[in-house]
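# An overview of the molecular structure
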Amino acid sequence: MRTTGLAAVTLALLIPMTSAHAQTGKITLVIHGGAGTILKQNMTEEMEAAYRQILTEALNTGYAILEKNGTSLDAVEATIRVMEDSPLFNAGRGAVFTHDGRNELDASIMNGATKAAGAVGSVTIVKNPISAARAVMEKSPHVMMTGRGAELFATSVGLEIVDPSYFWTERRWKALQDILVSERQTSATWDITKSEDESRFGTVGAVALDIHGNLAAATSTGGMTNKRFGRVGDSPIIGAGTWADNESCAVSATGDGEYFIRLAVARDIAALVEYKSLSVSKAAEEVIHRKLTALGGEGGVIVLDRKGNYTMTFNSAGMYRGAITAAGKATVEIYK
């Protein structure tokens, strides 16, 4: 079939931003490290190498668990912790700053076998928020805890607690100062959109399929630079930024949180797979390239089904992402 005109342009735009893969092997791990204004011309060779190294380390960490017949839950948690411990990503150690100069962290996790889920929001002293989210899921009757209460719970179950200064990084602090200067110069009272740093959409996520045929998904973030008034995005919200169930697929999202919440992006993709029998690739394209784009939102998703089919789909300039399958070879991508 010959494609011409607007259809050809549309097709050309969509193809580079959707990575769909089919396989027959079982264990699979797919990750993202955030989407946004990620352009090769803005990246030094040293910085790109650093991102690729940590993404590869994260993939290999999760794969080592899956390879030894470990669970998808253990794999996604361990994978996320690697990225939370790196200052490169807007999660954990590298979290962005709020308007008040604080680091407020959110995370969630979901078990595809049972649909059990856990999440934390606006925590400031928990070293690895993803582990706190899992503790909420497994050691409490609740799904989400926030703020001081979540911190007290994390302390009570023995998670590692750190001084808030642990999350301070010069790069993220400078990003906040640049926005505050811009606000003063333009008399703006609230601006979270001027930063061209990729951290505006920064989040880390992982989806996994284990040898037992069970899916899991996890997401962790520091939110948006200059956020105010206790804003919480989609990352800790089950159905918006994270979803996993064995009947459909596992999803982790990154992007404009307000749009992902309004569209219930993660659950919508899973519903298209479950009820309309769409492939993970087609479902992600429908939600990201049509619904999210039409509403004015930006970002991306990683999606994985029980057959090991996965996609890494986004409508932003780039998305840190990677995958490793039963063959054990990790692949990492950054740009379109």
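Above this text sits the structure in question.
Residues numbered from 1 in each chain as written. Predicted model: local features only at pLDDT ≥ 70, side-chain atom pairs only at ≥ 80, totals over all residues. Heavy atoms only, no water.

Time to look at the nonpolar core. Among the nonpolar cores identified, the biggest contains 50 residues, and L29, I31, M83, F89 and I109 are the most heavily contacted of them. If one sorts the elements of this core by residue count, helix α2 (residues 45-67) sits on top with seven residues. Other than its neighbours up to four places away in sequence, L29 contacts A58, L59, G62, Y63, L66, T79, A206, V207, A208, G322, A323 and I324. W243, L292, V301 and L304 belong to the second-largest nonpolar core, a separate cluster that totals 36 residues. (Core = buried A, V, L, I, M, F, W, Y, C linked by side-chain atoms within 4.5 Å. Buried < 20%, exposed > 50% of the residue type's maximum accessible area, 1.4 Å probe, protein only. Helix = DSSP H or I, 4+ residues; strand = E, 2+ residues; numbered from the N terminus. Contact = heavy atoms within 4.5 Å.)

Let us look at the pattern of salt bridges. Considering all chains together, one arrives at 16 salt bridges under this definition. The partner of R134 in a salt bridge is E138, and the shortest N-O contact between them spans 3.0 Å. In this pair, R134 and E138 both sit in helix α4 (residues 129-139), four residues apart, roughly one turn of the helix. Residue class for R134 comes out buried when judged on its relative accessible area of 12%. With a shortest N-O distance of 3.8 Å, R267 and D245 are connected by a salt bridge. Taken together, the residues R267 in helix α8 (residues 265-276) and D245 in the loop between β8 (242-244) and β9 (250-255) connect sequence positions 22 residues apart. When its relative accessible area of 23% is taken as the criterion, R267 is described as partly exposed. Residue classification places D245 among the buried positions, given a relative accessible area of 0%. Residues joined in a network through salt bridges with shared partners are D74, E77, R134 and E138. (Salt bridge = Lys/Arg side-chain N within 4 Å of Asp/Glu carboxyl O.)

What follows concerns the environment of G149. Tracing the backbone through its elements, the reader meets G149 in helix α5 (residues 147-156). Exposure remark for G149: the relative accessible area of 41% places this residue in the partly exposed category. In the structure, G149 is positioned 28 residues away from G121 in sequence and 9.9 Å away in space, judged by C-alpha atoms.

This part covers unusual backbone geometry. A positive phi angle, close to 65 degrees, is found at K115, a residue other than glycine. Tracing the backbone through its elements, the reader meets K115 in the loop between β3 (105-111) and β4 (117-123). Backbone geometry places S277, a non-glycine residue, at a positive phi of 60 degrees. Here S277 shows up in the loop between α8 and α9 (280-295).

Pairing in this open sheet of eight strands is mixed, and the strands run β5-β4-β3-β7-β6-β2-β12-β13 from one edge to the other. The open sheet is flanked by β5 (144-146) and β13 (330-335), the only strands paired with a single partner. Neighbour to neighbour, the strand axes of the sheet diverge by 10 degrees on average, direction disregarded. Relative to strand β7 (residues 215-221), strand β6 (residues 204-209) runs antiparallel, the two being bridged by six bridges. Paired with A206 across the two strands is A218, which belongs to β7. Across the sheet, α2 touches β2 (28-36), β6, β12 (318-324) and β13, and the angle it forms with β13 is around 145 degrees. (Pairing = 2+ DSSP bridges. Axes fitted to C-alpha atoms, helices over the stretch in contact; angles between N-to-C directions.)

Another aspect to go through is the pairing of β13. Here β12 pairs with β13 via five bridges, running antiparallel. Of the residues in β13, the one forming a bridge with G318 is Y335. Hairpin connection of β12 to β13: five residues between the antiparallel strands, including G328 at a positive phi of 85 degrees.

Attention now goes to helix α3 (residues 72-84). Its 13 residues give α3 an end-to-end C-alpha distance of 18 Å, which sits within 8% of 18 Å, the value for a rise of 1.5 Å per residue. Those residues of α3 lying buried are S72, L73, A75, V76, E77, A78, T79, I80, V82, M83 and E84. Along its buried surface, α3 packs onto β2, α2, β3, α4, β6 and β7. (Expected span 1.5 Å × (residues − 1).)

A word on the packing of α2 against α3. At their nearest, the axes of α2 and α3 sit 8 Å apart, and the two run at 160 degrees to each other. One way to sum up the angle between α2 and α3 is to call them roughly antiparallel. Pair α2 / α3 crosses with right-handed handedness. Across from I54, L55, E57, A58, T61, G62, I65 and L66 in α2, the residues of α3 making contact are S72, D74, A75, A78, T79, V82 and M83. Each residue belonging to the contact of α2 with α3 can be placed in one class, and the counts come to nine nonpolar, four polar and two charged. (Parallel < 35°, antiparallel > 145°, perpendicular 65-115°, else oblique. Left-handed = near helix turned anticlockwise from the far one by under 90°. Nonpolar A, V, L, I, M, F, W, Y, C, P; charged D, E, K, R; others polar.)

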